[in-house]
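Each chain, written out:
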Amino acid sequence: MLTTSIPHQKPAPAPSGDPATREALRRVVEEQIGPRTKGVIYQNCDGAFEVLSVILDPQQARELLKRRCAQWALIVREVLRPDGEPFPVGSVWTDSDHLVVREAGRNGGAK
């Protein structure tokens, strides 16, 4: 069985440069991630995925995705497969992505 370690999210170091440029980059990253926060389930043409972690540290995202320009990454698990293993993604939120609403369990949490 493959064991995947989910890295602990640490804050991204402040990029050097103009504050307006940093704010613009933050907005772009926020728009690309969309409503995908930890615990959210979203669906697209590839399947349905639970977000296990949001990585905002660019260096960590680059290592996970093996992309030199990555600014962020998500660790997700496919929920439609009982054997779904966590894996990193860096795909941006699009109009074809949809949040999945879960019914609350007896303890008030998600099922």
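Bear in mind that the values here come from a model prediction, so they are computed numbers and not experimental data.

With that out of the way, let us pick up the confidence of the model for the chain. When pLDDT is averaged along the chain, the result is 85; 77% of the residues meet or exceed 70. Ignoring residues within four places in sequence, the model shows residues 106-111, a span with pLDDT below 50, making eight contacts including any to other chains.

Another aspect to go through is the pairing of strand β1 (residues 41-44). Here four bridges tie β1 to strand β2 (residues 47-55), and the two strands are oriented antiparallel to one another. Among the inter-strand pairings, I41 is bridged to a residue of β2, identified as E50. Pairing of β1 with strand β5 (residues 98-99), which is carried by two bridges, proceeds in the antiparallel orientation. By the bridge assignment, Q43 is partnered in β5 with H98.

Every buried residue of helix α2 (residues 58-65) is accounted for by P58, Q60, A61 and L65. All buried residues of α2 lie within an arc of 160° about the axis, which places them on one face of the element. Those residues of α2 that are buried lie in contact with β2, β3 (73-78) and β4 (87-89). Two residues or fewer after α2 comes K66, characterised by a positive phi angle close to 55°.

Further remarks concern unusual backbone geometry. One non-glycine residue, K66, lies in positive phi territory at about 55°. Its location among the elements puts K66 in the loop between α2 and β3. You can call K66 exposed: its relative accessible area is 72%.

Inspection of the secondary structure assignment puts I75 in strand β3. Once the C-alpha coordinates of I75 and F49 are considered, the two residues, 26 residues apart in sequence, prove to be 9.5 Å apart.

Bringing the nonpolar core into the picture now. In this structure, V29, I33, Y42, F49, V51, V54, W72, L74, V76 and V89 together form the largest nonpolar core, which totals 10 residues. Elements supplying a minimum of two residues to this core: α1 (19-33), β2 and β3. Among the elements that take part in this core, β2 stands out by supplying three residues, more than any other. In terms of nonpolar packing, the next biggest core, distinct from the first, is built from six residues, I55, L65, A73 and I75 among them.

As for its position among the elements, R36 is in the loop between α1 and β1. In this structure R36 is buried but unpaired, with D97 as the nearest side chain of opposite charge at 5.0 Å. A polar contact is formed between the side chain of R36 and the backbone oxygen of I33, at a distance of 2.8 Å. In this view, R36 contacts Y42, V51, V54, W72, L74, S91, V92 and W93; residues no more than four positions away in its chain are not counted.

Conventions and cut-offs
- Residues numbered from 1 in each chain as written.
- Predicted model: local features only at pLDDT ≥ 70, side-chain atom pairs only at ≥ 80, totals over all residues.
- Heavy atoms only, no water.
- pLDDT = per-residue confidence, 0-100.
- Contact = heavy atoms within 4.5 Å.
- Pairing = 2+ DSSP bridges.
- Helix = DSSP H or I, 4+ residues; strand = E, 2+ residues; numbered from the N terminus.
- Buried < 20%, exposed > 50% of the residue type's maximum accessible area, 1.4 Å probe, protein only.
- Arc of directions from axis to C-beta.
- Core = buried A, V, L, I, M, F, W, Y, C linked by side-chain atoms within 4.5 Å.
- Lys, Arg positive; Asp, Glu negative; His and termini not counted.
- Salt bridge = Lys/Arg side-chain N within 4 Å of Asp/Glu carboxyl O.
- Polar contact = N/O pair within 3.5 Å; in protein donor to acceptor, adjacent residues only side chain to side chain.

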